[in-house]
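A closer look at the structure
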Amino acid sequence: MSGFDLSAILGNPEYTAMLLHGIEMTFIIYAGSWSMAMALALLLLALRLSPFRFGDPLVAAYVSYHRNVPTLVQLMLWYFGIFTLMPSGVAEWLAVHNAEAIFAVIGLGLCQAAYFSEDLRSGVRSVSPGQMQAARALGHGYLSAMRFVIMPQGVRNALPPLINHSVSLFKNSSLAVVIGASELTHAVKEIENLSFRTFEIYLIGTVLYLFFSLVIMSIGAYLSMRADPARSARA
């Protein structure tokens, strides 16, 4: 085998198609798990801010579990554990409809929701209590004040950690390879097995992850500037 040669990978239509499919699956898993995580995080935040006594300890236990158990272990629990306990009809349907990607979305989404909820809670807590008092004085009820006054400011304050955790979620999508999801890392491993071009294909995979992570960070920075008029004016 000759020395370093990227064209051996990029010039091969089969390998290029595998990489493109891996990128597509990575973003499907990422988008699905991010959407699930954000929706669940908002629910967890609502429970934590609610007057019900059970809300705060319940959410605290959820966050503690997902922050202290490795994401990889959680994915394996879902796919190799919970999947096997499902009724045969459900398991067969999932197997036909890409169970690996579905459980990757579920596992990553549930885990990331714990981080997103804490980011949002910190953002809401950073809003001055006087904002709620002013909103109530203007005639807003509690829910109305939270929706139109507190939450917009809280989300804006939470954007930096939310962006960081969104990038982390994208990188953690590579863990789905352990349950057989055909994402980018899986494609890289398959191409390495077929081509024996270990350095070239892992270099390509590294560059792709770096590029897409930087794109997500750039989008997040743009949204953060748009959400903060003072910062945008300074820029």
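This structure is a prediction, so every number in the text was calculated from the model and none was measured. (Residues numbered from 1 in each chain as written. Predicted model: local features only at pLDDT ≥ 70, side-chain atom pairs only at ≥ 80, totals over all residues. Heavy atoms only, no water.)

With 33 residues, the main nonpolar core has Ile 9, Leu 19, Ile 29, Phe 83, Phe 103, Leu 184 and Leu 208 as its most contacted residues. Not counting residues up to four positions away in its chain, the partners in contact with Leu 19 are Ile 9, Leu 184, Ala 187, Val 188, Ile 191, Ile 201, Ile 204 and Leu 208. Core analysis: the second largest hydrophobic core is formed by 25 residues, Met 38, Ala 145, Ile 150 and Leu 162 among them. (Core = buried A, V, L, I, M, F, W, Y, C linked by side-chain atoms within 4.5 Å. Buried < 20%, exposed > 50% of the residue type's maximum accessible area, 1.4 Å probe, protein only. Contact = heavy atoms within 4.5 Å.)

Scanning all chains against the criterion turns up 14 aromatic pairs. A centroid spacing of 6.4 Å and a plane angle of 85 degrees characterise the contact between Phe 27 and Tyr 30, whose relative ring orientation is edge-to-face. Here Tyr 30 and Phe 27 lie together in helix H2 (residues 13-49), a separation of three residues that amounts to about one turn. For Phe 27, a relative accessible area of 31% puts it in the partly exposed group. (Phe/Tyr/Trp six-rings, centres within 6.5 Å; stacked < 30°, edge-to-face > 60°. Helix = DSSP H or I, 4+ residues; strand = E, 2+ residues; numbered from the N terminus.)

A word on the pattern of salt bridges. A side chain with one charge may pair with a side chain of the opposite charge, provided their charged atoms come close. One pass over the structure, following the stated rule, counts five salt bridges. Taking the shortest distance from any N to any O, the salt bridge between Asp 56 and Arg 48 comes out at 2.8 Å. For Asp 56, a relative accessible area of 35% puts it in the partly exposed group. Owing to a relative accessible area of 16%, Arg 48 belongs among the buried residues under this scheme. The closest approach of N and O atoms between Glu 118 and Arg 67, which form a salt bridge, is 3.9 Å. Here Arg 67 lies in helix H3 (residues 55-68) and Glu 118 lies in helix H6 (residues 99-125), a separation of 51 residues in the sequence. (Salt bridge = Lys/Arg side-chain N within 4 Å of Asp/Glu carboxyl O.)

Those places that UniProt annotates as "transmembrane region" (unreviewed entry) correspond, in this numbering, to residues 27-47, 68-87, 93-116 and 201-224. In the segment residues 93-116, helix accounts for 92% and strand for 0%; the C-alpha atoms at its two ends are 31 Å apart. (UniProt positions renumbered as here; feature names shortened; annotations may be inferred.)

For the rest of this paragraph, the subject is the packing of helix H9 (residues 184-195) against helix H10 (residues 198-227). The contact between H9 and H10 brings their axes to 9 Å, and the two run at 165 degrees. In this view, H9 runs roughly antiparallel relative to H10, as classed from their interaxial angle. Of the two possible hands of crossing, H9 and H10 adopt the one that is right-handed. Within the contact between the two elements, H9 uses Leu 184, Thr 185, Val 188, Lys 189, Ile 191 and Glu 192 and H10 uses Thr 198, Ile 201, Tyr 202, Gly 205, Leu 208 and Tyr 209. (Axes fitted to C-alpha atoms, helices over the stretch in contact; angles between N-to-C directions. Parallel < 35°, antiparallel > 145°, perpendicular 65-115°, else oblique. Left-handed = near helix turned anticlockwise from the far one by under 90°.)

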